[in-house]
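The residues making up each chain are set out below.
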Amino acid sequence: MTERAAPFYCPYCGDEDLRPGEQGHGAWECAACNRAFQLKFVGLLARGLQPNPTGGEPT
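The text that follows walks through the structure, step by step, so that each part is easy to find. (Residues numbered from 1 in each chain as written. Predicted model: local features only at pLDDT ≥ 70, side-chain atom pairs only at ≥ 80, totals over all residues. Heavy atoms only, no water.)

## Describing the environment of Asn 34
Position of Asn 34 among the secondary structure elements: in the loop between β2 (27-30) and β3 (35-38). Residues Asn 34 and Cys 13, 21 residues apart in the sequence, show an inter-C-alpha distance of 9.8 Å. (Helix = DSSP H or I, 4+ residues; strand = E, 2+ residues; numbered from the N terminus.)

Pasting the structure below:
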């Protein structure tokens, strides 16, 4: 994955004035509350498709 997934708001103060951080991939800085945070993709859940109990298409 080469594209950056941008957060919509700061998880601490809720402001939308975010900028990419200098700490590397996934790092963000909030100009409103002066906090830095990092987002990390952990992985996909193993649940997959759930069968439909009525016998139709999976949901």
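## Overview of the state of the cysteines
By the definition in use, this model includes zero disulfides. With no disulfide of its own, Cys 13 has Cys 30 as its nearest cysteine by sulfur position, at a separation of 3.7 Å. Given a relative accessible area of 3%, Cys 30 falls into the buried group. (Disulfide = S-S within 2.5 Å. Buried < 20%, exposed > 50% of the residue type's maximum accessible area, 1.4 Å probe, protein only.)

## Quick look at the pairing of β2
The sheet contact formed by strand β1 (residues 18-20) and β2 spans three bridges and is antiparallel. The residue bridging Pro 20 from the neighbouring strand is Trp 28, located in β2. Taken together, the four bridges between β2 and β3 define a ladder with antiparallel strand orientation. Looking at the pairing, Ala 27 lines up with Gln 38 of β3. (Pairing = 2+ DSSP bridges.)

## Regarding the sheet that holds β2
Across the sheet, which stays open at both edges, the three strands sit in the order β1-β2-β3 with antiparallel pairing between neighbours. The open sheet is flanked by β1 and β3, the only strands paired with a single partner. Within this sheet the neighbouring strands show an average axis-to-axis angle of 30°, counted without direction. (Axes fitted to C-alpha atoms, helices over the stretch in contact; angles between N-to-C directions.)

By themselves, these observations are geometric and do not establish any function.
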